[in-house]
Every structure is written in C-alpha cells, then in structure tokens.
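So you can see what is in the structure, the chains are spelled out below.
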Amino acid sequence: MGLTNEVAKFVTEKGYDEFSKREIQAAKDLVLDAIGTTISRASEPLTQIITQFARDSGDVQECGVVGKKFKASLSNAALINGTSIHANELESVGQYNGSNPFTIIPVALGVAEKFGFSGKAVIESIILALEIQTRLGMGGPGLFDKGFSSIANYGIFGATAAAGKLMKLSTAQMQHAFGIAIAQCSGQQRQHGSLTHFL
C-alpha cells in the first residue's frame, strides 16, 4: 500500500459523523464566504471572458453560475464560479500553502447540484478535501517561493477529493482519480504506458 492508497482510503472511509461542530461550522462559513465572493466578482472582466467562452461552446445546462442568469456544464460552471471567487484575491486561506478552499467549493457545489447530493454531503466533502489539500501544502512548502502556484499544484487534489467523496468513489477509484490529478498538474512520468499518459 502506497501513500496515494492511504490518502484515498482516508477520503473514502472518513465521514461526517467524525467531524467536530467547529469543523462543520467552519466549512459552512467558507461556503458562505465563497458564494459572497463569487457574487461580488460576477461582473469582473475576467469572469466575463470565461462566461463568454462557456456560452460560445454550446454548453449543456447542468449547474448554476453564481451571479448570472444561466446554467452551464458542471466543468464550465466550476470554471466560471472558481474564476469569480479568485478574481478579487480575497480567498479565505490559512497559514499553509494549499489551504485555499476556493479550489474545492465550486467543484463540490457543482457536483452536488448536478447529482442532487445533500448539503451535509457537500460539507463532508469540503472538510475532507481541505484536509488533503492543506496537508499537501504543509508537506511541500516553498512552491510559491520557487515560482510555482500552490493553488494549481495542491488545489487539484482538493477538487478531486471533494468530487470523489460526493460521487462515492471506492478507494481504488479515488486512487486512480488522484493519479490522474497528479498527471494533470505536474506532468509526472509514472503514468508512462498507461491510459493516463495520453490525457
């Protein structure tokens, strides 16, 4: 069993009932903060560019775009909402690289909307995803100082954990999802000879 398997097992096996009231309330506060920030930047030029891209792509209507009067595909809604959240640089971040919840929340809300998951399931996924993302940041400090974005390098793992938890992936499926995530964010070479290599 490797590290990726242990992380995948943590995400798939830990649940809402194991969280403290403080953790649950903190996640709820982060969601409200994210929605408020998204609304405040819905008209930003950058958000408008991403919104027009989604509209021009002939998108399906699956998930709401915050501050707009239309729906987009899950992937485009997460892209637009995530861009809006980040547009004013007012993220709720902790002390460590990777502790930015705004890579997680648009994904969690979009997956929940598309598949009809409960608010409780969303909070559960956000707490677990933020735990993974923040611990990665704690374990790999200094990326920013070396010219790399911690959001891109750690955020993909938080987003993957949130979506995977909501979609009830098995430990093996979650492990594969994390493998795809690392290939997408870093160009890691271990996937040579597998289907992930071609993504």
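Residues numbered from 1 in each chain as written. Predicted model: local features only at pLDDT ≥ 70, side-chain atom pairs only at ≥ 80, totals over all residues. Heavy atoms only, no water.

1. Comments concerning the nonpolar core
Core analysis: the biggest nonpolar cluster contains 45 residues, and Ile 105, Ile 123, Ile 126 and Phe 178 have the highest contact counts within it. Here the element with the most residues in this core is helix 6 (residues 119-139); it accounts for nine residues. The contacts of Ile 105, once residues within four sequence positions are left out, are Leu 30, Val 31, Ala 34 and Ile 126. (Core = buried A, V, L, I, M, F, W, Y, C linked by side-chain atoms within 4.5 Å. Buried < 20%, exposed > 50% of the residue type's maximum accessible area, 1.4 Å probe, protein only. Helix = DSSP H or I, 4+ residues; strand = E, 2+ residues; numbered from the N terminus. Contact = heavy atoms within 4.5 Å.)

2. Regarding the side chain of Ser 84
Checked against the element boundaries, Ser 84 lands in helix 4 (residues 74-86). A polar contact of 3.3 Å, which involves the side chain of Ser 84, links it to the side chain of Thr 47. (Polar contact = N/O pair within 3.5 Å; in protein donor to acceptor, adjacent residues only side chain to side chain.)

3. Some words on helix 3 (residues 45-56)
Here helix 3 is twelve residues long and its end C-alpha atoms lie 16 Å apart, about the 16 Å a rise of 1.5 Å per residue gives. When we look at burial in helix 3, the residues that qualify are Thr 47, Ile 50, Thr 51 and Ala 54. Within helix 3, the buried residues cover an arc of 100° as seen down the axis, which keeps them to one side. Relative to its buried face, helix 3 has exposed residues pointing more than 90 degrees away, namely Pro 45, Ile 49 and Asp 56. Packed against the buried residues of helix 3 are helix 4. Just downstream of helix 3, Gly 58 is the residue with a positive phi angle, here 65°. (Expected span 1.5 Å × (residues − 1). Arc of directions from axis to C-beta.)

4. Focus on the packing of aromatic side chains
Tallied over the full model, the rule gives three aromatic pairs. Plain terms: the ring middles of Tyr 16 and Phe 19 are 6.5 Å apart, the flat faces sit at 75° to each other, and that makes the pair edge-to-face. Phe 19 shares its class with Tyr 16; the two are buried. When the ring of Phe 115 is compared with that of Phe 117, the centres are 6.1 Å apart and the planes differ by 40°; the resulting orientation is tilted. Taking NZ or CZ as reference, Arg 55 lies 4.0 Å from the ring centre of Phe 70, over its face. (Phe/Tyr/Trp six-rings, centres within 6.5 Å; stacked < 30°, edge-to-face > 60°. Lys NZ or Arg CZ within 6 Å of the ring centre and 35° of its normal.)

5. Observations regarding the confidence of the model for the protein
Of all residues in the protein, 87% have pLDDT values of 70 or greater, and the mean over the chain is 86. Helix 8 (residues 171-186) is the least confidently modelled element of the protein, averaging 87 in pLDDT, while helix 5 (residues 105-115) averages 96, the highest of any element. (pLDDT = per-residue confidence, 0-100.)

6. A look at unusual backbone geometry
The backbone of Lys 168 sits at a positive phi, close to 60°, despite the residue not being glycine. Residue placement: Lys 168 occurs in the loop between helix 7 (150-166) and helix 8. Take Lys 168: its relative accessible area is 63%, and that puts it in the exposed class.

7. A word on the packing of helix 5 against helix 6
When two helices pack together, their arrangement is given by the angle between the helix axes and by the axis-to-axis distance. As a packed pair, helix 5 and helix 6 sit with axes 10 Å apart at the nearest point and diverge in direction by 150°. Between helix 5 and helix 6, the crossing angle belongs to the class labelled roughly antiparallel. Here helix 5 and helix 6 pass one another in a crossing that is right-handed. Each of Ile 105, Ala 108, Leu 109 and Ala 112 in helix 5 lies in contact with helix 6, whose residues at this interface are Val 122, Ser 125 and Ile 126. Of the residues contributing to the contact of helix 5 with helix 6, the split by class is six nonpolar, one polar and no charged. (Axes fitted to C-alpha atoms, helices over the stretch in contact; angles between N-to-C directions. Parallel < 35°, antiparallel > 145°, perpendicular 65-115°, else oblique. Left-handed = near helix turned anticlockwise from the far one by under 90°. Nonpolar A, V, L, I, M, F, W, Y, C, P; charged D, E, K, R; others polar.)

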